[in-house]
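Per-entry structural report
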Amino acid sequence: MQQLGLATAEELAAERSNFEQGVVTFKTSFKRFVMIEKESGKVVGKCGFHTWYILHSRAEIGFAITDEAMKGLGYMTEAIRALAKYGFEEMKLNRIEAFVGKENVPSLRLVRGMGFTEEGTLRSHYFKNGRMEDSICFSLLKDEYRGG
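A brief report on the enclosed structure follows. (Residues numbered from 1 in each chain as written. Predicted model: local features only at pLDDT ≥ 70, side-chain atom pairs only at ≥ 80, totals over all residues. Heavy atoms only, no water.)

Observations concerning the side chain of Ser139
- Tracing the chain through its elements places Ser139 in strand S6 (residues 131-141).
- Judged by its relative accessible area of 3%, Ser139 falls in the buried class. (Helix = DSSP H or I, 4+ residues; strand = E, 2+ residues; numbered from the N terminus. Buried < 20%, exposed > 50% of the residue type's maximum accessible area, 1.4 Å probe, protein only.)

In structure tokens:
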């Protein structure tokens, strides 16, 4: 669980289910990375790509700091830079998408600061905390990418 950055047995069961069903389902795939603090070796978060449409050269980015004490220290900015570089160079993506809830101010600030373009709002896009929430859609295109 520690190596995967998982906090509960439920998260481990969900992760196991993903791998048992296969990495590629319904013509989409994913790449996931665990964020580890260099000095302590402690897992501080996770990030990666999901809803990766290989045929269309696009994927949705996902990220989370799992240790509250590590929020606001720049780890996610460093991770998103590396993730974008990996996506465009290794995965050969043309488009990286981010869907962020309207109330998620830190993530909104992060994607805007990383050069993502706001494209609009998707109404009732995600089910979270027991209710449907809107998502603001952002994208970063390979041609717009400033390098990592």
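Points about the nonpolar core
- In this structure, Phe49, Leu93, Ile96, Phe116 and Phe138 are the most contacted members of the largest nonpolar core, which totals 29 residues.
- Mapped onto this core, the elements with two or more residues apiece are strand S2 (43-53), strand S3 (58-65), helix H2 (75-89), strand S4 (95-101), helix H3 (105-113) and S6.
- For this core, the element with the highest residue contribution is H2, accounting for six residues.
- Not counting residues within four places of it along the chain, the set of residues in contact with Phe49 comprises Phe30, Lys31, Ala59, Glu60, Ile61, Leu83, Gly87, Met91, Leu93 and Ile96. (Core = buried A, V, L, I, M, F, W, Y, C linked by side-chain atoms within 4.5 Å. Contact = heavy atoms within 4.5 Å.)

Here we look at the pattern of salt bridges
- Applying the stated criterion to the full structure yields nine salt bridges.
- Between Arg112 and Glu118 there is a salt bridge, with its nearest N and O atoms 2.8 Å apart. (Salt bridge = Lys/Arg side-chain N within 4 Å of Asp/Glu carboxyl O.)

As for H3
- Among all positions of H3, only Ser107, Leu108, Leu110 and Val111 are buried. The buried residues of H3 occupy an angular sector of 160° when the element is viewed end-on, so they sit on one face. Along H3, the residues that are exposed and aim more than 90 degrees away from the buried face are Pro106, Arg109 and Gly113.
- Of the surrounding elements, those touching the buried residues of H3 are S3, H2, S4 and S6.
- One or two positions beyond H3, positive phi appears at Gly115, with a value near 95°. (Arc of directions from axis to C-beta.)

Re the packing of aromatic side chains
- In total, this model carries two aromatic pairs according to the counting rule given.
- Ring centres 5.3 Å apart and planes at 80° place the aromatic pair Phe33 and Tyr86 in the edge-to-face group. Taken together, the residues Phe33 in strand S1 (residues 29-36) and Tyr86 in helix H2 connect sequence positions 53 residues apart.
- On the accessibility criterion, Phe33 (29% relative accessible area) is partly exposed.
- Assessed through its relative accessible area of 27%, Tyr86 is described here as partly exposed.
- Between Phe88 and Tyr145 the ring centres are 4.9 Å apart and the planes differ by 45°, which places this aromatic pair in the tilted class. (Phe/Tyr/Trp six-rings, centres within 6.5 Å; stacked < 30°, edge-to-face > 60°.)

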